[in-house]
Amino acid sequence: MEKRPKRQTPSISRRRLLAHAGLAATAAAAGGAPGVVRDLLRAQAAAQSAQPKRGGTLTVSQSVDINTLHPWVGNLNVWKVIKTGIYDQLSYQDPVTFQVKPKLAKSFVWTDNNTSLVIALPGGVTFHNGEKLTAEDVKFTIDSIRDPRVGSWLRGFIGPIKEVLVLDETHLKIKTSAIENQLIPAFTYVDIVPRSMGTDLARRNPIGSGPYKFVEWIPNDHVTLERNPAYWNEARAGHVDRIVFRPVTELQTRISQLLAGDVDLVYDFSLQEVPRLRADKSVAVAVVPPADQMFVVYLNQRRPPFHKVEMRRAMGWALDRQGFIKNFLAGLGRPDNSPFTPQHWAFDPKTEDAYAYNPDTVAKLLEQSGYPRGRGLEFSFLVPSGYPEFKIISTLLQATFASAGYRPAIEEVDIAQWAARLNQSHDFYAAVDYPPRGSTDPALTYSAGLLFPPNPANVGGLTPETIPGYVDELRKGATTLDRGARRAAYAKVQELWLAYLPGPIYCHRSTAHAHRPHVQGFVPHPAFQQSFADVWLAS
Amino acid sequence: MARYLIWRGLSVIPTLTGITILVFLVTYFIPGDPARMLAGTEAPPEVVAGLRHQWGLDRPIHVRYGFWMANIARGNLGESYFSHQTVLQLVRRAFPVTFELAMLSLVVALLIAVPSGILSAVRPGSWFDLGATAAGFVGLSVPGFWLGIMLIYLFGVELRWLPAGGFAPLSGGLAQNLRSMLLPAIALGTFASTQLMRYLRAGMLDVLNADYIRTARAKGLAAAMVLVRHAMRNALIPFMTVLGVQMGYLLGGTVITESVFALPGMGRLVLNAILNRDYQVATGIILLIAASFVLLNLAVDLLYPVLDPRVRLGRSTGWE
């Protein structure tokens, strides 16, 4: 008679217990549905409870192909997912607690009367080409990103840096004019490259010091990485031997490939597919609580009608957030008026009910703006094709304004034209988008991206003078380490934002991923800075 | 005959020149900016301006066209702003996939179209003819992406007979390669077969009612002989024209099939290039596709003398 295997007594360490508790609190505070909590707990438990195995090939399906191999220039999420494993970054955002922690750096210390950030690096780190990683390489990387000729979108992220000094092989000093809280979270995006590579990195195969080495990129077919056996940090070393990323543009094909077992993991797919996949026993769904990506509408204040605050407020009252989340995000979202959700320390509870769905208020605000029953009103929504959620929100907003007497047009263009009209010609009235970074430090949330002034990519055309006191509060929050003072400053920032409403924030959305049951240890990252080092294959 | 061949050959030059101008102008005037697409919406303006300068996008249109044509004359179709691979490198990798797909689709299309087209023409108004015509209309009406997804779901997910998309290169074995190409070939070939079948049926019907066929039958030739030697050969002339056009479509129009089945072919390459405003790749590939279209039609026209003695003997065919 076959002996039944002995049942393992489940044990849990204090560290794991705390992680589970923190995870549950995180998801619950995020307003996550029970399914989200269950998914996260399952993923976290899988990552920590079983004994990881080494070996095998993990095949990951992504929605589009990467468009460059340049670590500092390419900004697609699909590239972030891949390159996070190739390179080391000085810091990382914990995918469960969302806290920013040191990664390559051993420590960050503000010195010199809080005008310098001293970074300590570990010794014995080598790049994939065998070169030793030193403070010179980190300086080279940061200086290159600051150079406008390199063309890095991260230039603004590290804008407050004045100078980078190498103290010794493992220490460097970053000079600023004050404490700059955006820097350490910004370093999560900065991939450290050997200085011998130069800056023309798009023409070369990536060389990093991460747990995975780059093998090849066949455009429109795959990117292959292989495990770095000499990775310096054993605790973060990879388990699977190879990772193959395949771009599959058609959503139904991606899901079919997963169901057929042709791929192991489908990274980031439409939330509307979540209920269907959750019902399928052959796959596991991992959902990130709604916290990072937020649906907003950019309003062009350079031209009528959104130069009037009443019209901007009308836009704030025009969306049925609950209906949108329930019907089009499979319930995997959270209505919000702030870039932050309640789990975030900077969240201001007063923002909760600042704006909600109210067509009567929209009608009244149109009247106050000088457009009674929409007479004389002219605007449209600019929508990029291939982003159905943007079109749905635009359509819902269109319906609300139609009920108030004016039916704005929806102009659908391709993504390149959309980006050019938003950023370059500013030829738009209103455009829906889902900018990221709601889960990171507010100093970074407010210093980068399209929504928040003052920054060079401020698409709405809002000047710092438009909202008196707003920039001062931003600086207060960005330049002190006192959490209480920061919380007060950012509460004021949120209050001023909602009073002037340069761009309504409607809700946060989850992100969803699905994998075959043999994929273990996968914990999705809210900002696509995905680590696959913990992932292993059970069979 | 020689005059016809020379005239037909030379007509390709102005056509191709016109195509280069058209392709360049179309890509030039499409709103959008590759520098913004690469750097992203969050990049500061000076960063985008720097990339535009690096790539020569801030130069006047005639200078850019001149550079492009000079490079083409040297056999250099350009380099991707994004991947920094040359157009020829990208095409060398993608074209075999599309070519294989087009060929296999053509085989599927011919396997369906030729027997059904001939049988429909031989027995017009029969149940088979009505059924084939109805099936043809259905085949024309069914969207390619829907058929593709249904095939994937049935054979990939439910039955697990074939892979649910993706490409297996020939280097990994012929059997694997064919398994990965079968469903896309069926999806693409089914659509192509409907048009081919209708043309072949119409052509055969015309020929079967011609006097020389009646004469051949009156001479006592066997029905199969009449069909194969006399009817089919003449019906093939208009069919070949359509086949050439279809081949062009199959080579250049596989975007949807390649996207649905995740094949790294020319269709996806050019679609991504257009969406990213990767002008060099987009113009280079569109030019190649247009040139292959023009040359295929030229090849078909040059085949006429082989199939039609009137062309070979220099008699009027309506061309001269």
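Keep in mind that this is a model prediction, so the values were computed, not measured.

Reading the values: the criteria
- Residues numbered from 1 in each chain as written.
- Chains lettered and ligands numbered in written order.
- Predicted model: local features only at pLDDT ≥ 70, side-chain atom pairs only at ≥ 80, totals over all residues.
- Heavy atoms only, no water.
- Helix = DSSP H or I, 4+ residues; strand = E, 2+ residues; numbered from the N terminus.
- Buried < 20%, exposed > 50% of the residue type's maximum accessible area, 1.4 Å probe, protein only.
- Contact = heavy atoms within 4.5 Å.
- Areas by Shrake-Rupley, 256 points an atom, 1.4 Å probe, with all protein chains shown as cover.
- Pairing = 2+ DSSP bridges.
- Axes fitted to C-alpha atoms, helices over the stretch in contact; angles between N-to-C directions.
- UniProt positions renumbered as here; feature names shortened; annotations may be inferred.
- Left-handed = near helix turned anticlockwise from the far one by under 90°.
- Nonpolar A, V, L, I, M, F, W, Y, C, P; charged D, E, K, R; others polar.
- Buried area = accessible area lost by both parts, 1.4 Å probe.
- Salt bridge = Lys/Arg side-chain N within 4 Å of Asp/Glu carboxyl O.
- Polar contact = N/O pair within 3.5 Å; in protein donor to acceptor, adjacent residues only side chain to side chain.
- Parallel < 35°, antiparallel > 145°, perpendicular 65-115°, else oblique.
- Domains from an automatic or database assignment.
- Arc of directions from axis to C-beta.

## Let's talk about the overall build of chain A
For step 1, the next point in the chain: Along its length, chain A carries 15 helices and 19 strands.
For step 2, the next point in the chain: Every one of the 539 residues in chain A was classed for burial, and the buried ones make up 60%.
For step 3, the next point in the chain: In chain A, of all internal contacts separated by at least 6 residues, the share reaching a separation of at least 24 is 71%.
For step 4, the next point in the chain: Accessible area of chain A: about 20,100 Å², with a carbon and sulfur share of 50%.

## Considering the sheet that holds strand 7 (residues 171-175) of chain A
Residue and element names in this part refer to chain A.
For step 1, the next point in the chain: Read from one edge of the open sheet, 4 strands run 4-5-7-6, paired in antiparallel fashion. At either end of the open sheet lies a strand with only one pairing partner, and these are strand 4 (107-111) and strand 6 (163-168). Ignoring which end each strand starts from, the neighbouring axes of this sheet average 25° apart.
For step 2, the next point in the chain: Summarising the sheet, strand 6 and strand 7 pair through 5 bridges and their orientation is antiparallel.

## A look at the UniProt feature "domain: Solute-binding protein family" (unreviewed entry) in chain A
For step 1, the next point in the chain: Here, UniProt's "domain: Solute-binding protein family" (unreviewed entry) annotation points to residues 99-431 of chain A.
For step 2, the next point in the chain: Segment residues 99-431 of chain A splits into 25% helix and 24% strand. End C-alpha atoms: 31 Å apart.

## Structural notes on the packing of helix 6 (residues 87-122) of chain B against helix 9 (residues 174-208) of chain B
All names here are of chain B.
For step 1, the next point in the chain: Packing of helix 6 against helix 9 brings their axes to within 4 Å, and their N-to-C directions diverge by 35°. Crossing hand, helix 6 versus helix 9: right-handed.
For step 2, the next point in the chain: Tallied by class, residues from the contact of helix 6 with helix 9 come to 25 nonpolar, 8 polar and 2 charged.

## Here we look at the interface of chain A and chain B
For step 1, the next point in the chain: Taken together, the contact pairs 46 residues of chain A with 46 residues of chain B.
For step 2, the next point in the chain: Of the roughly 3,800 Å² buried at the junction of chain A and chain B (both faces included), carbon and sulfur atoms supply 54%.
For step 3, the next point in the chain: Linking Asp414(A) and Arg277(B) is a salt bridge whose minimum nitrogen-to-oxygen distance equals 2.7 Å.
For step 4, the next point in the chain: Where chain A meets chain B, there are 18 residue pairs in polar contact (both at pLDDT 80 or more).
For step 5, the next point in the chain: Per-class residue counts for the side of chain A that touches chain B are 21 nonpolar, 17 polar and 8 charged.

## Considerations on the side chain of Ser120(B)
All names here are of chain B.
For step 1, the next point in the chain: Structurally, the position occupied by serine 120 is in helix 6.
For step 2, the next point in the chain: A distance of 3.4 Å separates the side chain of serine 120 from the side chain of aspartate 129, its partner in a polar contact.
For step 3, the next point in the chain: Serine 120 has contacts with Phe128, Asp129, Ala132 and Arg201, leaving out every residue within four places of it along the chain.

## Brief notes about the packing of helix 6 (residues 251-260) of chain A against helix 8 (residues 144-158) of chain B
For step 1, the next point in the chain: Two elements in contact, helix 6 of chain A and helix 8 of chain B, have axes separated by 10 Å at closest approach and are oriented at 5°. Looking at the two axes, helix 6 of chain A sits roughly parallel to helix 8 of chain B. Taking contact as the criterion, the partners of Gln252(A), Thr253(A), Ser256(A), Leu259(A) and Ala260(A) in helix 6 of chain A are, on helix 8 of chain B, Ile149(B), Ile152(B), Tyr153(B), Gly156(B) and Val157(B).
For step 2, the next point in the chain: In terms of residue class, the contact of helix 6 of chain A with helix 8 of chain B is made up of 6 nonpolar, 4 polar and no charged.

## Looking at the pattern of salt bridges
For step 1, the next point in the chain: Throughout the structure, instances matching the rule amount to 34 salt bridges over all chains.
For step 2, the next point in the chain: Of the charged contacts, one joins Glu79(B) and Arg203(A) as a salt bridge, the two residues approaching to 3.0 Å between their closest N and O atoms. Of this pair, Glu79(B) sits in the loop between helix 5 (61-73) and helix 6 while Arg203(A) sits in the loop between helix 5 (183-186) and strand 8 (212-218), which puts the two residues in different chains.
For step 3, the next point in the chain: A relative accessible area of 46% means that Arg203(A) is categorised as partly exposed.
For step 4, the next point in the chain: Residues joined by salt bridges that share partners form a network here, namely Arg303(A), Glu411(A), Arg421(A) and Asp427(A).

## Structural notes on the domain arrangement of chain A
All names here are of chain A.
For step 1, the next point in the chain: What the domain assignment reports for chain A is domain 1 (50-70 + 210-289 + 511-537), domain 2 (88-202) and domain 3 (294-509).
For step 2, the next point in the chain: Using C-alpha coordinates to define each centre, domain 2 is positioned 32 Å away from domain 3.
For step 3, the next point in the chain: With 14 residues of domain 2 at the contact, the number on the domain 3 side is 16 residues.
For step 4, the next point in the chain: Both faces combined, the contact of domain 2 with domain 3 buries some 1,200 Å², and carbon together with sulfur accounts for 55% of it.
For step 5, the next point in the chain: The tally of links from domain 2 across to domain 3 stands at 1 salt bridge.
For step 6, the next point in the chain: Summed over the shared surface of domain 2 and domain 3, the number is 6 residue pairs in polar contact (both at pLDDT 80 or more).
For step 7, the next point in the chain: Of the residues assigned to the side of domain 2 that touches domain 3, the class counts are 10 nonpolar, 3 polar and 1 charged.

## Some points on helix 4 (residues 45-54) of chain B
Residues and elements named next belong to chain B.
For step 1, the next point in the chain: Taken together, the buried positions of helix 4 are occupied by Val47, Val48 and Leu51. Seen from one end, helix 4 has its buried residues packed into an arc of 100°, which puts them on one side.
For step 2, the next point in the chain: Residues of helix 4 that are buried in the fold lie against helix 3 (34-39).
For step 3, the next point in the chain: Two residues or fewer past helix 4, glycine 56 is found with a positive phi of approximately 75°.

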